[in-house]
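Structural overview for review
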Amino acid sequence: MSSIQNIVSQFTADLEKTAKVADVLNLKAQALGKQGSLSEILKGLKDATPEERKTIGAEANVAKNQIEELVANKITALESAEINKSLLKDKVDFSMRDSILELGLQAAGMHPVSIVQREIEDIFLSMGFEVLDGPHIEDEWHNFEALNIPANHPARDMQDTFWFADMKHLLRTHTSTIQVRGMKTRKPPFRFVGPGKVFRCERTDASHEMCFHQLEGMMVGEDVTIGHLIYFMKTLLSEIFKKEVEVRLRPGFFPFVEPGFELDIKCLICGGKGCSVCKHVGWVELLPCGMVHPNVLKAGGIDPEKNNGFAFGLGLDRLVMMRYGIDDIRLIHSGDLRFNSQFKTF
Ligand code: PHE
């Protein structure tokens, strides 16, 4: 066998062993490159006879074409093997779908906020309240003006707002917007609750989140008094905690209620000793409430001379944390299955 044929058969054998495109290219350079084995033979031709030059030259040309073809084929083969490998890796077995879903549900269970929200809805439904919903994206009127918070009122700063670029729309900062929508679409007497997500542009820590949950409540009629408010709040809390909880009422300011109160409960995490949830005071602010301000009734199309009402805005996340002994509000939106799966399955 001529040395040229030797080069080709050696090349074929070596090529067989390569598994990467880079190795194939290296091998090609070793044969066809400037210092390659075939080039060395061609360089030696200067001392050969014209006859030899002709045959060896032609043979070398054939060998070069063969090698190039071998290289091209090998690279194509390696590349398609690579594609097949990744297709196989990312393959979805659709026949597995149901069991994957089942596994997911078992792992996730129901979110603790949903569990508590549904429970509270049931309590209120049993007391003759409706359950209403409302949009997350609101306008200034529903979030502020109708709630007796005019433009430039300092109370707007109490709730750091996520505004849309048009500066007219916002992410609702409280579920009190549901009060406004509820009043507009009903005639007294009525009572309803409105649970949902609310958004505030706040720094987060163990007890603050930018997105959290409230449950609004409102009752309007001819003889609604603070006595009704206290009765419903007490019934609610004893139902939720399935035991007597210690509460305290403090005066609280909210432009949409007069008088306004803050209802606190003794921290169920630390029993009043102080921890990160109660900010080391032993009490957790749970329930701002009060008698609906006449301006708010008016904005809702209700005559404040004939009717009055109470309203409250329950912080759902704090309640969930108290109930389950969760000491960091950020876990609620973590989406962590290890957290979510601890509660209840369907
Ligand atoms: N909307 C108030 C807040 O988010 C809570 C509230 C509701 C207070 C109803 C009083 C009456 O801060």
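Preceding this section is the structure that the text describes.
Keep in mind the model is a prediction, meaning the values are calculated, not measured.

Calculation notes
- Residues numbered from 1 in each chain as written.
- Predicted model: local features only at pLDDT ≥ 70, side-chain atom pairs only at ≥ 80, totals over all residues.
- Heavy atoms only, no water.
- Helix = DSSP H or I, 4+ residues; strand = E, 2+ residues; numbered from the N terminus.
- Rg over C-alpha atoms; globule rule 2.2 N^0.38 Å.
- Buried < 20%, exposed > 50% of the residue type's maximum accessible area, 1.4 Å probe, protein only.
- Contact = heavy atoms within 4.5 Å.
- Pairing = 2+ DSSP bridges.
- Axes fitted to C-alpha atoms, helices over the stretch in contact; angles between N-to-C directions.
- Core = buried A, V, L, I, M, F, W, Y, C linked by side-chain atoms within 4.5 Å.
- Polar contact = N/O pair within 3.5 Å; in protein donor to acceptor, adjacent residues only side chain to side chain.
- Patch = residues over 30% accessible without salt bridge, like charges linked within 9 Å, V, L, I, M, F, W, Y side chains within 5 Å.
- Areas by Shrake-Rupley, 256 points an atom, 1.4 Å probe, with all protein chains shown as cover.
- Salt bridge = Lys/Arg side-chain N within 4 Å of Asp/Glu carboxyl O.
- Parallel < 35°, antiparallel > 145°, perpendicular 65-115°, else oblique.
- Nonpolar A, V, L, I, M, F, W, Y, C, P; charged D, E, K, R; others polar.
- Near = heavy atom within 4 Å.

Description of the overall build of the protein chain
Counting its regular elements, the protein chain contains 12 helices and 9 strands. For the protein chain, whose C-alpha radius of gyration is 38 Å, the value lies well above the compact-globule estimate of 20 Å for 346 residues. Taken along the three principal axes of its C-alpha coordinates, the protein chain extends 120 × 45 × 40 Å. Looking at the 346 residues of the protein chain, the share that counts as buried comes to 43%. Taking the contacts inside the protein chain whose residues are at least 6 apart along the sequence as the reference set, 67% of them involve residues at least 24 apart.

Quick word on the environment of Pro 259
Inspection of the secondary structure assignment puts Pro 259 in strand β7 (residues 257–266). For Pro 259, a relative accessible area of 33% puts it in the partly exposed group. For Pro 259 and Met 291, which are 32 residues apart along the polypeptide, the C-alpha to C-alpha distance reads 5.8 Å. If sequence neighbours within four positions are ignored, Pro 259 has contacts with Ile 226, Cys 289, Gly 290 and Met 291.

Regarding the sheet that holds strand β9 (residues 308–315)
Read across the sheet, 7 strands follow the order β1-β4-β5-β9-β8-β7-β6 without closing on themselves; strand pairing throughout is mixed. Of all the strands in the sheet, the pair left with one neighbour each is β1 (130–131) and β6 (247–251). Relative to strand β4 (residues 190–199), helix α8 (residues 176–184) is tilted by about 140°, and along the sheet it contacts β4, β5 (211–221) and β9.

Considerations on unusual backbone geometry
Leave glycine aside and you will find that most residues have negative phi; peptide bonds, for their part, are mostly trans. Of the consecutive residues Pro 188 and Pro 189, the connecting peptide bond is found in the cis state with omega at 0°. Within the secondary structure layout, Pro 189 lies in the loop between α8 and β4. A cis amide bond, omega 0°, links Glu 258 with the succeeding residue Pro 259. The phi dihedral of Asn 152 is positive, around 65°, even though this residue is not glycine. Within the element layout of this structure, Asn 152 appears in the loop between α7 (140–143) and β3 (169–171). Overall, the relative accessible area of 78% leaves Asn 152 in the exposed class. Here Met 167, not a glycine, exhibits a phi torsion of approximately 60°, which is positive. Mapped onto the elements, Met 167 comes out in the loop between α7 and β3.

Focus: the nonpolar core
Formed by 47 residues in total, the largest nonpolar core has its most connected members in Ile 120, Phe 124, Phe 310, Phe 312, Leu 314 and Leu 319. Breaking this core down by element, the ones donating at least two residues are α6 (112–126), β5, α9 (226–241), β7, β8 (283–292), β9 and α11 (316–324). Looking at this core, the element that brings in the most residues is α9, giving 7 residues. Not counting chain neighbours up to four residues away, the residues in contact with Phe 310 comprise Phe 129, Gly 217, Met 218, Met 219, Val 224, Thr 225, His 228, Leu 229, Phe 232, Gly 290, Met 291 and Val 292. Counting 23 residues, the second-largest nonpolar core is a separate cluster that includes Ala 146, Leu 147, Val 220 and Val 296.

Considering the side chain of Glu 138
Counting through the fold element by element, Glu 138 comes out in strand β2 (residues 137–139). Residue Glu 138 is classed as buried on the basis of its relative accessible area, which comes to 1%. Side-chain polar atoms of Glu 138 contact the side chain of Arg 181, separated by 2.8 Å.

Digging into a nonpolar patch on the surface
Together, Ile 226, Ile 230 and Leu 249 line one region of the surface with nonpolar side chains, adding up to about 220 Å² of accessible area. Its place among the elements puts Ile 226 in helix α9.

Thoughts on the packing of helix α2 (residues 21–32) against helix α4 (residues 50–89)
Running from amino to carboxyl end, α2 crosses α4 at an angle of 175°, the nearest separation of the two axes being 10 Å. In terms of orientation, α2 and α4 fall into the roughly antiparallel class. Side by side, α2 and α4 meet where Val 21, Val 24, Leu 25, Lys 28, Ala 31 and Leu 32 of the first sit next to Lys 64, Ile 67, Glu 68, Val 71, Lys 74, Ile 75 and Leu 78 of the second. Here the residues of the contact of α2 with α4 sort into 9 nonpolar, no polar and 4 charged.

Notes on the site of the ligand
Around the ligand, the structure places 15 residues, and the nearest of them are His 174, Ser 176, Arg 200, Gln 214 and Phe 256. Arg 200 has a polar side-chain atom sitting 2.9 Å from an oxygen atom of the ligand. Contact with the protein chains removes 95% of the 330 Å² of surface that the ligand exposes when unbound. At the level of secondary structure, the elements contributing two or more residues to the shell around the ligand comprise α8, β5, β8 and β9. A total of 3 residues in the shell around the ligand trace back to one element, the largest contributor, which is β9. Considered class by class, the residues forming the shell around the ligand number 7 nonpolar, 6 polar and 2 charged.

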